[in-house]
Every structure is written in structure tokens, then in C-alpha cells.
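# Summary of structural features
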Amino acid sequence: ETGVTQSPTHLIKTRGQQVTLRCSSQSGHNTVSWYQQALGQGPQFIFQYYREEENGRGNFPPRFSGLQFPNYSSELNVNALELDDSALYLCASSRDLRETQYFGPGTRLLVL
Amino acid sequence: AQSVTQLDSHVSVSEGTPVLLRCNYSSSYSPSLFWYVQHPNKGLQLLLKYTSAATLVKGINGFEAEFKKSETSFHLTKPSAHMSDAAEYFCVASAPSNTGNQFYFGTGTSLTVIP
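Okay, so let's go over this structure. Owing to the predicted nature of the structure, the values given are computational and were not obtained by experimental measurement.

As a further point, take the overall build of chain B. Along the backbone of chain B there are zero helices and twelve strands. In sequence order, the secondary structure elements of chain B are arranged as β-β-β-β-β-β-β-β-β-β-β-β. Compactness check: chain B gives a C-alpha radius of gyration of 14 Å against a globular reference of 13 Å for 115 residues, within 12% of the reference. Across its three principal axes, chain B shows a C-alpha extent of roughly 45 × 30 × 20 Å. A total of 115 residues make up chain B; the buried ones form 45% of that total. Of all intrachain contacts in chain B linking residues separated by at least 6 positions in sequence, the fraction that spans at least 24 positions is 56%. Element-wise, carbon and sulfur atoms account for 53% of the exposed surface of chain B, whose accessible area totals about 5,400 Å².

A word on the pattern of salt bridges. Tallying each qualifying case throughout the model produces seven salt bridges over all chains. Here Arg-22 of chain A and Glu-75 of chain A are joined by a salt bridge, their closest N and O atoms 3.5 Å apart. Of the two residues, Arg-22 of chain A is situated in strand E3 (residues 19-24) and Glu-75 of chain A in strand E8 (residues 74-78); the sequence distance between them amounts to 53 residues. For Asp-8 of chain B, the salt bridge identified is with Arg-22 of chain B, shortest N-O distance 3.0 Å. Taken together, the residues span a long stretch of sequence, with Asp-8 of chain B in the loop between strand E1 (3-6) and strand E2 (10-14) and Arg-22 of chain B in the loop between strand E3 (19-21) and strand E4 (23-26) at a distance of 14 residues. Residue Asp-8 of chain B is classed as buried on the basis of its relative accessible area, which comes to 19%. The exposure class assigned to Arg-22 of chain B is partly exposed, which follows from its relative accessible area of 33%.

What follows is about the environment of Thr-109 of chain B. All names here are of chain B. Within the fold, Thr-109 resides in strand E12 (residues 109-114). Separated by 99 residues in the primary sequence, Thr-109 and His-10 place their C-alpha atoms 5.3 Å from one another. Beyond its immediate chain neighbours, meaning those up to four positions away, Thr-109 contacts Gln-6, Asp-8, Ser-9, His-10, Val-11, Leu-21, Ala-87, Glu-88 and Tyr-89. Reaching out from Thr-109, the side chain makes a polar contact with the backbone oxygen of Asp-8 at a distance of 2.6 Å.

Rules used throughout
- Residues numbered from 1 in each chain as written.
- Chains lettered and ligands numbered in written order.
- Predicted model: local features only at pLDDT ≥ 70, side-chain atom pairs only at ≥ 80, totals over all residues.
- Heavy atoms only, no water.
- Helix = DSSP H or I, 4+ residues; strand = E, 2+ residues; numbered from the N terminus.
- Rg over C-alpha atoms; globule rule 2.2 N^0.38 Å.
- Buried < 20%, exposed > 50% of the residue type's maximum accessible area, 1.4 Å probe, protein only.
- Contact = heavy atoms within 4.5 Å.
- Areas by Shrake-Rupley, 256 points an atom, 1.4 Å probe, with all protein chains shown as cover.
- Salt bridge = Lys/Arg side-chain N within 4 Å of Asp/Glu carboxyl O.
- Polar contact = N/O pair within 3.5 Å; in protein donor to acceptor, adjacent residues only side chain to side chain.

Here it is as C-alpha cells:
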């Protein structure tokens, strides 16, 4: 059984650009959540997808958007990048809503 | 409103002595509660979770936590610290909201283990 994987591992973008981060959920999991972890901070909940539908959203602007595919993998898209978007982006999958979340290693995004 | 407060940003213990990492939560509901550990440059690993079954929850690596509803606390303990326990620890609460499930992380406690 493979764990949660994320790609890419690192990424450098400039202000105003757009970025897409990818997450493959653990086998058998239908729920994916995304988090932003700024340096020295705890992860902040961005949103959750359950069976291809958004099921919850944290306090992030609409330029943060996502998708979940029929195989339950997911994408996080961020438009109009700002310097403060520099962070570690974590994806977590779970077998169902409110079940234990298993985290991927993260994608470290640097916005210059 | 839901929130998680980790009462100590840094905890330092000697190897072989007990560990106590404190967490309080506030919620209109009975939340699911979790402790995760994050080693440097690594992803988050689940230590244990509480989901309204037994109030004393045992996790991996000798860690355990006790849910105390009257105190709205979910403190993490370990009888004897090991050098490999040095890491960042996060207390997490999960609860339903009008926009779906929400997950709330505390700000983290950095554990240092002194040889």
C-alpha cells in the first residue's frame, strides 16, 4: 500500500504567476485535505475534497482552488502568487470524512 | 467557533524523564482530537487520535493522551523521553462546520531532549 505522495517536492515561482501542486492519495482513501504551513507555524487548513466535491474550506481567498479526480488524486491551484504564499504545502488523505489523515511529505513553494 | 491552543511553544526535558505537552481545545461540538509529530524536513506522522471512545488513548512510540472534557484538554505524555523524540508536535481538532469539516492545528510545541 503506497502512502500519500506529492509533486513537485520544491518549486520556485515569481509574484503574479500561477502554480499547480499535485497529490496522490493513499490507496482506498476518498478524502483529501490541503494545508499551508508557513515557516515556524502550524499548518493552516485550506480546503478538503470528498468524492470529488469540496467539503470544507478554511480562511483562504478564492485564488486558492482545487480539484479532486475520480481516482481521488487532487490538485491545488494558486493564482496570482504573492510573496506570502511561500510555504510548505501539505496534502493529507483519509479513508473517509473525519477519519485519520495521513500526510504527504509536502511541496515547498518559494515565491520571489 | 473551534480553536486549539498548545500552551507551550517550547519544552525541554532530559533523556529518560517524563514528557508533558499541553493542549486545550474549544468547540461547540465534541471534536475528534489528534496528536501529530513532525521531524525536521519530514512530513507529519500521526501519534494518536481520540474519537469519543476511551478517554485515555495510547499511541505509537510510548505516547499517550487523555481526553478531559471538563477541562477541555488533550495533553500528550510519555513516561520516559528518548533522544529520537526531539521534534515539533501538533495538537489537531476536527469538527463539522457550516462549510463542511474543518481541521484546526495548534501552533506547535517544539520538544528538545537533553542527553
